[in-house]
Each structure stands twice: as structure tokens, then as C-alpha cells.
Amino acid sequence: MKTSTVLAVAAVTCAAALGSAGGASAATRLAGASHPATVARWQVIKTVHSNDMPAFTAMAVTGMHNAWAFASTSAKTAAWRMEGTAWREVAFPGRSGDQVLAAGASAPDNVWAFASLRQGSGRALHWDGTRWSVVRQFSKTIGNGLVLGPRDVWVFGEPYVPGNGLGTWHYDGKTWTRYKNAGALTAASALSPSSIWAVGDKTAAHWDGSRWSLTSLAKILPPDSLVCHSQVTAVYAASPGDVWAAGMGGCDNLGRAPFVLLHFNGTAWQRVASVSSYGEPYQVVPDGSGGLWIPVITGFPGTFSMLHYSGGHLGQVPLPLPGPTMRMGVAHVSGSTVTFGDGASYQDGVPQAALIFKYSG
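Residues numbered from 1 in each chain as written. Predicted model: local features only at pLDDT ≥ 70, side-chain atom pairs only at ≥ 80, totals over all residues. Heavy atoms only, no water.

## What to know about the packing of aromatic side chains
Here's step 1: Scanning the entire structure with this criterion turns up 26 aromatic pairs.
Here's step 2: Among the aromatic side chains, those forming a connected cluster through ring pairs are W112, F114, F138, W169, Y171 and W176.
Here's step 3: The ring centre of Y346 lies 5.3 Å from the NZ or CZ of R327, which sits over that ring. (Phe/Tyr/Trp six-rings, centres within 6.5 Å; stacked < 30°, edge-to-face > 60°. Lys NZ or Arg CZ within 6 Å of the ring centre and 35° of its normal.)

As C-alpha cells, then:
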């Protein structure tokens with residue numbers, strides 16, 4: 001998800017509080033320090049101007065020269081494809097009011113887009129290398145998806161639609177199965193088809209190939225109050241003993257802070273950071289160098305920041321555009337230090353141009 005004009009903010013210091021509970025050896029120190037300028041190489045590589053409020057909202061990446069980006073507009077969803085270094089618009093069966101909230105791919109001829117009408121129905125769409133088709137329509141909003149193969153696709157609900165209740169679904173190439181015991185999962189990351197980590201609300205869950213096992217994270221999240229509800233919104237699994245999750249307390253005046261970073265060391269979950277100056281995390285993805293990219297938005301309509309966590313340090317990095325006028329999601333290219341971003345520039349909360357970003361390590 002996305003942002004707007006001129007030069008970026010400088011890297012800033014974050015004040016952070018270390019959590020307790022559990023022991024995570026990979027995450028022992030959080031320093032309030034600016035991240036080195038060597039990571040500050042985000043660039044805008046594609047701009048799409050339009051009068052119908054365009055914003056890139058999701059990406060699927062299978063290589064440095066093969067990717068898809070999906071743009072919502074006031075008309076209908078559009079799809080753009082990168083082949084080589086050029087981006088071109090491709091026919092896509094979008095509906096008026098649709099938003100592709102998530103996308104994924106396991107190969108250039110197995111790309112999935114998960115589109116939904118806000119507080120309405122959702123659709124799972126598939127690209128087979130030649131054309132897009134609708135594989136399944138759901139009665140409720142799809143918030144996220146995980147694509148492991150043409151016969152191994154997971155679909156999850158949307159955390160910000162009250163009462164949505166889509167649940168957790170799996171597609172095996174023929175049949176869609178709902179796992180009612182999985183709870184309200186909304187994001188996932190896979191080590192393999194038989195080892196998947198997912199999060200949602202105050203829960204972390206692990207799939208072992210046959211069942212979901214749930215663990216409560218309530219004790220290491222900020223406590224709820226009458227007006228606050230903390231939740232985990234993003235997850236990344238690097239190995240069985242190195243799993244990261246991010247969430248928010250939902251306890252500031254605008255309901256998006258503090259930002260919290262959690263870690264699982266193979267035995268227990270620990271809170272690594274709680275930072276009141278940051279809010280809702282969209283994603284946690286690897287940077288290809290042992291660190292993490294974490295896009296966050298604070299307040300409403302929101303100030304965007306890109307956080308980078310590496311070597312026990314959490315910091316904000318410079319971006320091509322100022323935070324209050326931009327939003328951005330990220331998609332990492334496996335086996336590289338290249339990460340793409342999808343987003344938009346904003347003015348007074350209204351999208352002005354759809355943007356694609358790139359970071360090269």
C-alpha cells in the first residue's frame with residue numbers, strides 16, 4: 001500500500017522499550033539509532049497518473065524481472081505486469097469498487113490476486129501464463145493470501161472489517177476447505193507446505209501439514225482497555241527457530257499505536273520492541289541481508305514510515321517521498337537483496353498517482 005512528492009525524511013531515532021516474556025536469542029538488543037545511509041536506496045520506478053484516484057495496493061513477485069502490481073481506482077481494478085524492466089497494463093477482470101488487498105505467486109504462470117469489495121464479497125483470481133480467471137467467489141472480504149503452488153493456496157480474512165468472519169481456507173487444486181479451528185487468522189508466511197506460520201487478532205498459529213496449532217500472544221501484547229484492542233497483523237518465518245511478527249496496541253488517540261515487534265525462537269514468543277511513535281504494520285518481509293522491512297502507518301489518515309530491523313536495531317529509513325503524502329507495501333525477491341514496493345502519492349488523504357518502488361541492496 002502507498003505515497004507522494006519530493007525528497008524523503010532522514011533516518012530518525014526510535015525510542016523503544018524491550019519486552020519481557022520468553023527468550024529470543026536472535027533479538028536481544030533494540031537500539032534507538034538511525035539506520036546507516038547504505039539502506040536508503042528506495043526509488044520510484046513507475047508512476048501512473050490518472051483522474052480516477054489510482055493506488056497500487058498489492059504485488060506478486062517471482063523474480064527481479066517478473067512481477068505484477070494491482071491498482072485500485074474509482075472505476076475498477078487494473079493489473080500491471082513487469083517483463084524485463086518495462087511495465088505494461090494487462091487486461092484484468094476487475095469489478096467496480098474492487099480492491100486487490102493481497103497477491104502472491106509461486107511461478108510466472110501461477111499468479112493469484114485476492115480482490116474484494118469493501119464489506120462485501122471477495123474473489124480469488126488466477127493467472128495461468130495466458131489469461132486471468134476467477135477461481136472462487138467468497139461471500140465475505142479476503143484480507144490476505146499465501147501461494148505455495150498451483151494446488152496449494154491459502155486464503156485468510158480481513159482484520160479491519162467488523163464481523164467479516166471469512167476464516168481460513170485452503171485450495172488443493174480442486175476443492176476449497178475451511179479450517180474452522182484456525183481462528184481469525186489474517187496473514188501467513190511459509191517455510192514449506194507443511195510448515196506455515198500465521199497470525200491474527202492475538203494469536204499465532206502453526207500449520208504442520210495436517211492441522212493448525214494456536215498460541216495466544218495476549219500476554220506480550222499491550223493490554224486491552226475499554227477503547228483499545230491490540231492485535232498482530234504481520235508475520236515472517238525465516239526458519240523453525242526464527243519467526244517474526246508485528247502488530248499494534250491500538251491504544252493511541254487514533255487507534256494505531258504502539259507498534260510492537262515479536263519474535264519466536266523455536267520455543268517461546270518474546271516481545272522485542274514496543275514503540276509508541278509508530279503504529280500499524282502492514283507487513284514483515286526479509287531484506288535479503290538478514291534484516292527485515294516493516295512498512296507502518298501511524299494516525300489517521302496516517303503518516304507512513306518504512307522501518308528496517310537488523311542486528312538488533314530498529315530504525316526508520318529515508319524514502320523518495322515524504323511520509324504524510326505516501327503509502328507503500330513491499331514484496332521481496334527471494335534469493336536477492338531486491339525488494340519492490342507498491343503504493344501511491346496522496347494529497348489530503350486522496351490518491352493522486354499510483355507508484356511502484358524498488359530497493360536494491
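Anyway, onward from the coordinates.
## Some words on the environment of S121
Here's step 1: By secondary structure assignment, the location of S121 is in the loop between β8 (110–117) and β9 (122–127).
Here's step 2: Of the residues examined, S121 reaches a relative accessible area of 16% and is grouped as buried.
Here's step 3: Each C-alpha atom of the pair S121 and F138 lies 5.6 Å from the other, and the pair is 17 residues apart in sequence.
Here's step 4: Non-local contacts of S121, meaning those with residues more than four positions away in its chain, are made with R95, A115, S116, Q137, F138, S139 and K140.
Here's step 5: Among the polar contacts listed, one links the side chain of S121 to the side chain of R95, at a separation of 3.0 Å. (Helix = DSSP H or I, 4+ residues; strand = E, 2+ residues; numbered from the N terminus. Buried < 20%, exposed > 50% of the residue type's maximum accessible area, 1.4 Å probe, protein only. Contact = heavy atoms within 4.5 Å. Polar contact = N/O pair within 3.5 Å; in protein donor to acceptor, adjacent residues only side chain to side chain.)

## As for the sheet that holds strand β4 (residues 66–72)
Here's step 1: Reading across from one edge, β3-β4-β5-β6 is the order of the four strands in this open sheet, with antiparallel pairing throughout. Since the sheet does not close on itself, it has two edges, and those belong to β3 (55–63) and β6 (86–90), each with one partner. Across the sheet, the mean angle separating the axes of adjacent strands is 20° when strand polarity is ignored.
Here's step 2: Looking at chain direction, β3 and β4 are connected through seven bridges and run antiparallel. Counterpart to A60 in the pairing with β4 is W68. (Pairing = 2+ DSSP bridges. Axes fitted to C-alpha atoms, helices over the stretch in contact; angles between N-to-C directions.)

## Here we look at the pattern of salt bridges
Here's step 1: Under the defined criterion, the tally for this structure stands at five salt bridges.
Here's step 2: Across the salt bridge formed by K202 and D224, the nearest N and O atoms sit 2.9 Å from each other. Here K202, found in the loop between β16 (195–200) and β17 (203–207), pairs with D224, found in the loop between β18 (212–216) and β19 (231–239); they are 22 residues apart in sequence, far enough to count as distant.
Here's step 3: Judged by its relative accessible area of 14%, K202 is buried.
Here's step 4: When salt bridges with common partners are traced through the structure, they connect R81, E83 and R88 into a single cluster. (Salt bridge = Lys/Arg side-chain N within 4 Å of Asp/Glu carboxyl O.)

## Digging into the side chain of H126
Here's step 1: Along the chain, H126 falls in strand β9.
Here's step 2: Given a relative accessible area of 15%, H126 falls into the buried group.
Here's step 3: A polar contact is formed between the side chain of H126 and the side chain of N110, at a distance of 2.9 Å.
Here's step 4: When sequence neighbours within four positions are dropped, the list of residues in contact with H126 reads D109, N110, V111, W112, R131, W132, S133 and V135.

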